[in-house]
Amino acid sequence: MKPNAKEYPDMTADQSISSDVFKQSMRLLAGGVCILATNSEGEWCGMTITAVCSLTVDPPSLVACVNRNTGTHQIMSRTKRMSINVLSNDQTDMAELFASSTVRGRQRFESDKWIEMASGVPALVDALAVLDCEVLQQTSLGEHSVFFCGVKNVALQPERGALVHFNRKFFAVHPAH
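Here the structure is a predicted model, which means the values were calculated and not measured.

What counts, and where the lines are drawn
Residues numbered from 1 in each chain as written. Predicted model: local features only at pLDDT ≥ 70, side-chain atom pairs only at ≥ 80, totals over all residues. Heavy atoms only, no water. Helix = DSSP H or I, 4+ residues; strand = E, 2+ residues; numbered from the N terminus. Buried < 20%, exposed > 50% of the residue type's maximum accessible area, 1.4 Å probe, protein only. Contact = heavy atoms within 4.5 Å. Areas by Shrake-Rupley, 256 points an atom, 1.4 Å probe, with all protein chains shown as cover. Lys, Arg positive; Asp, Glu negative; His and termini not counted. Charge placed at Lys NZ, Arg CZ, Asp CG, Glu CD. Pairing = 2+ DSSP bridges. Axes fitted to C-alpha atoms, helices over the stretch in contact; angles between N-to-C directions. Salt bridge = Lys/Arg side-chain N within 4 Å of Asp/Glu carboxyl O. Polar contact = N/O pair within 3.5 Å; in protein donor to acceptor, adjacent residues only side chain to side chain.

Let us look at the overall build of the protein. Assigned secondary structure in the protein consists of 3 helices and 12 strands. By principal-axis analysis of the C-alpha atoms, the protein measures approximately 60 × 40 × 40 Å. In the protein, buried positions account for 35% of the 177 residues. Sequence-distant contacts in the protein: of pairs separated by 6 or more residues, those separated by 24 or more amount to 64%. On the protein, roughly 11,200 Å² of surface is accessible, and the fraction owed to carbon and sulfur atoms is 54%. Averaged over its 16 positive side-chain charges, the protein has a centre that lies 5 Å from the centre of its 18 negative ones.

Given below as structure tokens:
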């Protein structure tokens, strides 16, 4: 169904947009839900993120965007290591826990659900995928840093569906056809 031209916003001229309108538009971009986890001298830290995407296949690499005001960012910047744990559609509670502002640090990591990889970073044992990453480059824009990462190791368990975040809610992914 084509939108009525009178109801659709004028996109023929450049105009400034408010931060609220920009946030609303980005909420409509569905994103896979991941937990980014890192470790520095036994201090495990992690956060829920959706700003992850593949960069190149050869060499295997990805991009992750992280708010610079988080403890996780500080540790990653220092250690240059992290894991990306891709969540399944039955792990909404885990996504909410790692997005919480009241539970922090090691309290987020239940001992039976997490292991320490050879690189030293935490890995969620029942994630759809765990990508063990080394930060190759970091650049900042606004309140965030973009981390360009080489993927050093991967563990896959793709039997379940993915968890996505869309318009401030979590959804399970199901085939469209």
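Next up on the list: the sheet that holds strand 6 (residues 81-86). Sheet architecture is open: 7 strands sit in the order 3-2-6-9-10-5-4, paired in antiparallel fashion. Each having just a single partner strand, strand 3 (43-49) and strand 4 (52-56) make up the two edges of the open sheet. Between one strand axis and the next, the sheet turns by 35° as a mean value, whatever way the strands run. By the bridge criterion, 7 bridges tie strand 5 (residues 61-67) to strand 10 (residues 144-156) in an arrangement that is antiparallel. Within strand 10, the residue paired with Val-66 across the bridge is Ser-145. Set on the sheet, helix 2 (residues 71-79) makes contact with strand 2 (34-40), strand 3, strand 5, strand 6, strand 9 (129-141) and strand 10; between it and strand 2 the angle comes to about 55°. Packing of helix 3 (residues 92-99) onto the sheet brings it into contact with strand 2 and strand 3, and relative to strand 3 it is tilted by some 115°.

Turning to the sheet that holds strand 11 (residues 163-166), a few remarks are in order. For sheets, the rule is that strands pair by backbone hydrogen bonds, running either parallel or antiparallel. The strand order across the open sheet formed by 3 strands is 1-11-12, and the pairing between neighbours is antiparallel. Here the strands that pair on one side only, and so sit at the sheet edges, are strand 1 (31-32) and strand 12 (169-172). Bridge analysis of strand 11 against strand 12 gives 4 bridges, and the strand direction is antiparallel. Its bridge partner being in strand 12, Phe-166 is matched across the sheet by Lys-169.

Our focus in this paragraph is the pattern of salt bridges. Following the criterion strictly, the structure yields 3 salt bridges and no others. Ionic pairing is found between Asp-90 and Arg-160, a salt bridge with its closest N-O pair at 3.2 Å. Taken as a pair, Asp-90 in the loop between strand 6 and helix 3 and Arg-160 in the loop between strand 10 and strand 11 lie far apart in primary sequence, 70 residues in all. Here Arg-160 falls in the partly exposed class, since its relative accessible area comes to 27%.

This part is about the environment of Val-173. Secondary-structure assignment places Val-173 in the segment after strand 12. Each C-alpha atom, one on Val-173 and one on Leu-163, is 6.3 Å from the other, the two residues being 10 residues apart in sequence. Residues in contact with Val-173, not counting those within four places in the same chain, are Asn-89, Gly-161, Ala-162 and Val-164.

Turning next to the pairing of strand 5. Most of strand 5 is tucked away: 5 of the 7 residues are buried. As paired strands, strand 4 and strand 5 are joined by 4 bridges and run antiparallel to one another. Note that in strand 5 the partner of Thr-56 across the bridge is Ser-61. Count of turn residues in the strand 4/strand 5 antiparallel hairpin: 4 residues.

A few words now on the side chain of Ser-88. Residue position: Ser-88 is located in the loop between strand 6 and helix 3. In this structure the side chain of Ser-88 is engaged in a polar contact, spanning 2.2 Å, whose partner is the side chain of Asp-90. Here Arg-160 takes part through its side chain, which lies 2.8 Å from a polar atom of the side chain of Ser-88. Those residues in contact with Ser-88, other than ones at most four positions away along the chain, are Leu-128, Arg-160, Gly-161, Ala-162 and Leu-163.

None of this, on its own, says anything about what the molecule does.
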